[in-house]
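An overview of the molecular structure
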Amino acid sequence: MTTSVSKAAAPAESRRSRLGLVAVGLLAAVMAAGFGILAAHTGQTPGIVPQTVTYDITDTSVEINYTVAKGKGDDVRCTVDAYDTDFAVLAQKEVSAPPGTSSVKGAETLQTPRRATGARIRDCRKV
């Protein structure tokens, strides 16, 4: 006479622990995605998009061409600046994008005490 031993069913605890690990993993993934979205938008003003188009550098000046996209009714102020290799600001000027248009193109010439390495438009805000 042979006796057969049936296999024991998987304990319910291992199923619960796997389900718990999956839930924790999904929660961590959702939180990481949310943190990534927040980090990507830090320091930006919603609805205002400044863009440096070109800049031309000489020994004592920088000519910068820029655009600012914004809401049609918004009065926006931005800073254009020229900087050196250490990103120290050599010259800067505040420019405005008045209400009534949704896009503004502009050009500024900044006088610098020495040769700059770049220029940009930054720090746009509604007034």
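Residues numbered from 1 in each chain as written. Predicted model: local features only at pLDDT ≥ 70, side-chain atom pairs only at ≥ 80, totals over all residues. Heavy atoms only, no water.

Let's shift gears to the packing of aromatic side chains. Throughout the structure, instances matching the rule amount to 1 aromatic pair. A ring pair is formed by Y83 and F87, whose centres lie 5.2 Å apart and whose planes are at 25°; its orientation type is stacked. Given the relative accessible area of 13%, Y83 is considered buried. (Phe/Tyr/Trp six-rings, centres within 6.5 Å; stacked < 30°, edge-to-face > 60°. Buried < 20%, exposed > 50% of the residue type's maximum accessible area, 1.4 Å probe, protein only.)

Turning next to the sheet that holds strand β2 (residues 61-69). Strand order across the open sheet formed by 3 strands is β1-β2-β5, with antiparallel pairing between neighbours. Sheet topology places β1 (49-57) and β5 (103-111) at the edges, where each strand pairs with a single neighbour. For this sheet, the mean angle separating the axes of adjacent strands, direction not counted, is 20°. Two strands pair when backbone bridges link them, and β1 and β2 are joined in this way by 8 bridges, in the antiparallel orientation. Residue pairing in the sheet places D56 in a bridge with E63 of β2. (Pairing = 2+ DSSP bridges. Helix = DSSP H or I, 4+ residues; strand = E, 2+ residues; numbered from the N terminus. Axes fitted to C-alpha atoms, helices over the stretch in contact; angles between N-to-C directions.)

A word on the pairing of strand β4 (residues 89-97). With 8 bridges connecting them, strand β3 (residues 76-83) and β4 associate as antiparallel partners. Bridge pairing links V76 to A97 in β4. Where β3 folds back onto β4 in an antiparallel hairpin, the turn is made up of 5 residues, including F87, whose phi is positive at roughly 60°.

Attention now moves to the side chain of E108. Structurally, the position occupied by E108 is in strand β5. Ignoring anything within four residues of it in the chain, the contact list for E108 reads V62, E63, I64, Y66, V80, K93 and V95. (Contact = heavy atoms within 4.5 Å.)

Once that is clear, we can look at the sheet that holds β4. Pairing in this open sheet of 3 strands is antiparallel, and the strands run β4-β3-β6 from one edge to the other. Two strands close off the open sheet at either side, each with one partner strand: β4 and β6 (118-126). Going from strand to strand, the sheet's axes swing by 20° on average, the running direction of each strand aside. Pairing between β3 and β6: 7 bridges, direction antiparallel. Along β6, the bridge assignment pairs R77 with R125.

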